[in-house]
Amino acid sequence: MTVTLPFSAEKRLFTAATPNDDAASLVFAFPNDYTIGITSLGYQIIWARLAQRPDLAVSRLFTDIREPLPPALDLLGFSMSWELDYANILSVLESLDIPTLATDRGNEHPLVFGGGPVLTANPEPFAAFFDIVLLGDGEVVLDAFIDAYQTVRECDRATQLRRLAQVPGVYVPALYEP
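Residues numbered from 1 in each chain as written. Predicted model: local features only at pLDDT ≥ 70, side-chain atom pairs only at ≥ 80, totals over all residues. Heavy atoms only, no water.

**With respect to a nonpolar patch on the surface**
A surface patch of nonpolar side chains, amounting to about 340 Å² of accessible area, comprises Ile36, Trp82 and Leu84. With respect to the secondary-structure elements, leucine 84 resides in the loop between strand S3 (75-79) and helix H3 (86-95). (Patch = residues over 30% accessible without salt bridge, like charges linked within 9 Å, V, L, I, M, F, W, Y side chains within 5 Å. Areas by Shrake-Rupley, 256 points an atom, 1.4 Å probe, with all protein chains shown as cover. Salt bridge = Lys/Arg side-chain N within 4 Å of Asp/Glu carboxyl O. Helix = DSSP H or I, 4+ residues; strand = E, 2+ residues; numbered from the N terminus.)

What follows is the structure in structure tokens.
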């Protein structure tokens, strides 16, 4: 059961930007309960960086609660800190009616990306489920990734993936054979 928590009770240490009218919609997910995810410093840092961009309309999603989600989704990102959260990613994808395998997704689906220590250490066990994996520190690669995405946002999925693969620290599993 998904419960909506009044996020207004949170104390934020940053000011979120007001999204532009043409902002890309992004759901930033943590594949575990809110009480676990919100204590992750990595998740909080990346969420703040995303929320401060006026070219993004960011919603958060945890396995037990979520902010209101947009009707159409451009990007779905996961912060992955523990291997045991792996199965929760598949559950989140299914709950959003997004095919679990990246090869089954088309232009009508959001690009699914992930980052965090688990994916940076070894992305291959998870490669089939992600369109994009951000390697290394998110603070380093995130802005370049979003900037590149904005340049190909209206393009077909294959063009988006080829362009995004050119960003240092961005791994597109579909373009490689391990």
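**A few points about the side chain of serine 79**
For serine 79, the location among the structural elements is in strand S3. On the basis of relative accessibility, which here comes to 10%, the residue serine 79 falls in the buried class. Leaving out residues up to four positions away in the same chain, serine 79 has contacts with Phe28, Ala29, Phe30, Pro31, Tyr43 and Gly115. (Buried < 20%, exposed > 50% of the residue type's maximum accessible area, 1.4 Å probe, protein only. Contact = heavy atoms within 4.5 Å.)

**Some remarks on the side chain of glutamine 160**
Tracing the backbone shows glutamine 160 in helix H6 (residues 157-164). Among residues more than four places away in sequence, those in contact with glutamine 160 are Leu111, Tyr149, Val152, Arg153 and Cys155.

**Here we look at the environment of glutamate 139**
Secondary-structure assignment places glutamate 139 in helix H5 (residues 138-152). In the structure, glutamate 139 is positioned 90 residues away from arginine 49 in sequence and 7.9 Å away in space, judged by C-alpha atoms. Beyond its immediate stretch of four places on either side in the chain, glutamate 139 contacts Ile45, Ile46 and Arg49.

**A closer look at the pattern of salt bridges**
The full count for this structure, using the stated rule, is 8 salt bridges. For aspartate 131, the salt bridge goes to arginine 105, with nearest N and O atoms at 3.0 Å. Remark: arginine 105 occurs in the loop between H3 and strand S4 (111-115) and aspartate 131 occurs in the loop between helix H4 (117-121) and strand S5 (132-134); sequence separation between them is 26 residues. Just as aspartate 131 is buried, arginine 105 falls in that class too. Residues joined by salt bridges that share partners form a network here, namely Arg49, Arg53, Asp55, Asp143 and Asp147.

**Things to note about the sheet that holds strand S2 (residues 56-61)**
Overall, mixed pairing links the 6 strands, which are arranged S2-S1-S3-S4-S5-S6 in an open sheet. Looking at the sheet topology across the chains shown, the edges are occupied by S2 and strand S6 (170-171). The strands touched by H3 within the sheet are S2, S3 and S4, with S3 carrying the most contacts at an inclination of about 160 degrees. (Pairing = 2+ DSSP bridges. Axes fitted to C-alpha atoms, helices over the stretch in contact; angles between N-to-C directions.)

**Thoughts on the packing of H5 against H6**
Where H5 meets H6, the closest approach of the two axes is 9 Å, and the angle between their N-to-C directions is 145 degrees. For H5 against H6, the interelement crossing comes out right-handed. Here Phe145, Ala148, Tyr149, Thr151 and Val152 of H5 come into contact with H6, specifically with Gln160, Arg163 and Leu164. In terms of residue class, the contact of H5 with H6 is built from 5 nonpolar, 2 polar and 1 charged. (Left-handed = near helix turned anticlockwise from the far one by under 90°. Nonpolar A, V, L, I, M, F, W, Y, C, P; charged D, E, K, R; others polar.)

**Quick look at the packing of aromatic side chains**
Tallied over the full model, the rule gives 10 aromatic pairs. Aromatic pair tyrosine 86 and phenylalanine 129: ring centres 5.7 Å apart, planes at 65 degrees, arrangement edge-to-face. Of this pair, tyrosine 86 sits in helix H3 while phenylalanine 129 sits in the loop between H4 and S5, and the two are 43 residues apart along the sequence. The exposure class of phenylalanine 129 is buried, given its relative accessible area of 14%. Clustering of aromatic rings is evident, with ring pairs tying together Phe28, Phe30, Tyr34, Tyr43, Phe62 and Trp82. (Phe/Tyr/Trp six-rings, centres within 6.5 Å; stacked < 30°, edge-to-face > 60°.)

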